[in-house]
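# Residue-level structure breakdown
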Amino acid sequence: MSKFYRITSYISYWLDAINIHSLQAPFIYELYKNILVNNKNTSQYASIEKIREKFKASEHSIDVEDFGSGSQKNSNSRRRITDIASHGITKRKYSVIMEQMIRYMKCTNVLELGTSLGINALYLSLYRNCTVTTFEGSGSLANIANELLEDQRENVQVIEGNIDDTLPHFLEQSDKLDFVYFDANHRYNATLKYYDLCLRKSHNTTCFVFDDIHLTPEMEKAWIWIKNHYQVTLTIDLYQIGIVFINPDLSKQHYVLEL
Ligand SMILES: C[S@@+](CC[C@H](N)C(=O)[O-])C[C@H]1O[C@@H](n2cnc3c(N)ncnc32)[C@H](O)[C@@H]1O
């Protein structure tokens, strides 16, 4: 069911996707040209990718607590690090897009829901003027991420525990959010609940990014709900991720873009 669903949802995306020649509005044109299709390569990205490769080559396994996150692979609690690094985390292309967006929009308060090994948090925290808070429920993954991030960055912290508990608590004490990446619990109710909580701390130029928007019918439904939310103006569907702006100065439009 899920493989078939992914194929049909990809075909549907591919049929709808447009490229830069069809874009006229300046904001989306600039974003697409400068960030989304601009495949930048820096030595910093290369050193993060070396760490990814090390994890991929690992022969270790760890126990991972299952939070009912809707993952389509490996619901067992014993997980091989190589499998997590190969299939369970954000691909370089999307991490680079987010890193570039944070820099371009000069985001200072960045959240990531779902840390895993901490690879994507390394990308998100490359822009030194931002503080990244990343949330992870699995103790063993949080330990790995903490070790990695402690060595590499001062502007990132891992909050361990179930996001259902840790996120509301964190938001009570936090300022406005500039950028949030939703990559933990890929369920309809959880996605909308976390979105609603973060929206309360948003401002006009806050950007939300949702992972796996077409993973399952449930995530597809959540994506449609978010696109139709009255505060949402511009959305960008890149198939793997969906980008959401709530800026009232942008006209309400939903783009499906080729990468
Ligand atoms: C897809 S992985 C995150 C990958 C990471 N963002 C990256 O790209 O490197 C999702 C993570 O979210 C965590 N997770 C899922 N549901 C959670 C919850 N309710 N509370 C805390 N963590 C959760 C899982 O343990 C898993 O490590």
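Rules behind the numbers
Residues numbered from 1 in each chain as written. Predicted model: local features only at pLDDT ≥ 70, side-chain atom pairs only at ≥ 80, totals over all residues. Heavy atoms only, no water. Helix = DSSP H or I, 4+ residues; strand = E, 2+ residues; numbered from the N terminus. Rg over C-alpha atoms; globule rule 2.2 N^0.38 Å. Buried < 20%, exposed > 50% of the residue type's maximum accessible area, 1.4 Å probe, protein only. Contact = heavy atoms within 4.5 Å. Areas by Shrake-Rupley, 256 points an atom, 1.4 Å probe, with all protein chains shown as cover. Lys, Arg positive; Asp, Glu negative; His and termini not counted. Charge placed at Lys NZ, Arg CZ, Asp CG, Glu CD. Salt bridge = Lys/Arg side-chain N within 4 Å of Asp/Glu carboxyl O. Polar contact = N/O pair within 3.5 Å; in protein donor to acceptor, adjacent residues only side chain to side chain. Near = heavy atom within 4 Å. Nonpolar A, V, L, I, M, F, W, Y, C, P; charged D, E, K, R; others polar. Pairing = 2+ DSSP bridges. Axes fitted to C-alpha atoms, helices over the stretch in contact; angles between N-to-C directions. Expected span 1.5 Å × (residues − 1). Arc of directions from axis to C-beta.

Next up on the list: the overall build of the chain. Helices and strands together make up the secondary structure of the chain, namely ten helices and ten strands. Taking 18 Å as the expected radius of gyration for a compact globule of 259 residues, we find that the chain reaches 17 Å, a close match to that expectation. Projected onto its principal axes, the C-alpha positions of the chain cover 50 × 45 × 35 Å. A buried classification covers 53% of the 259 residues belonging to the chain. The long-range fraction of contacts in the chain, counting pairs at least 24 apart against all pairs at least 6 apart in sequence, stands at 68%. With the model as given, the accessible surface of the chain reaches about 12,700 Å², and the carbon-plus-sulfur share is 48%. Distance between charge centres in the chain, computed from 27 positive and 31 negative side chains, equals 5 Å.

Relative to the elements of secondary structure, E220 occurs in helix α10 (residues 217–228). Despite its burial, E220 remains without a salt bridge, the nearest opposite charge being carried by K227 at 6.5 Å. At 2.8 Å, the side chain of E220 forms a polar contact with the side chain of Y5. Residues contacting E220, with those up to four places away along its chain left out, are Y5, S9, I213 and H214.

This paragraph deals with the site of the ligand. The immediate surroundings of the ligand are formed by 20 residues, with T90, G114, E136, I163 and D183 found nearest. A distance of 3.0 Å separates a nitrogen atom of the ligand from a polar atom in the side chain of N162. Relative to its unbound accessible surface of 610 Å², the ligand loses 93% to contact with the protein. For the shell around the ligand, a count of residues per class yields six nonpolar, eleven polar and three charged.

Looking now at the sheet that holds strand β5 (residues 156–160). Taken in spatial order, the eight strands line up as β5-β4-β3-β6-β7-β9-β8-β10 in an open sheet, and their pairing is mixed. The open sheet has two edge strands, β5 and β10 (253–256), and neither has a second partner. On average, each strand axis in the sheet is tilted by 15° relative to the strand beside it, whichever way the strands run. Direction of pairing for strand β8 (residues 234–237) relative to β10: parallel, over a ladder of four bridges. Paired with L234 across the bridge in β10 is Q253. Along the sheet, helix α7 (residues 139–152) makes contact with β4 (131–136) and β5, crossing β5 at roughly 165°.

Turning to α7, a few remarks are in order. If you check α7, its first and last C-alpha atoms are 20 Å apart, about what 14 residues at 1.5 Å a residue would give, namely 20 Å. Every buried residue of α7 is accounted for by L141, A142, A145, L148 and L149. The arc that holds the buried residues of α7, viewed along the axis, is 135°, so those residues lie on one side. For α7, the exposed residues set more than 90 degrees away from the buried face come down to E147, E150 and D151. The elements touched by buried residues of α7 are α3 (43–56), β1 (61–63), α4 (81–87), α6 (119–124), β4 and β5.

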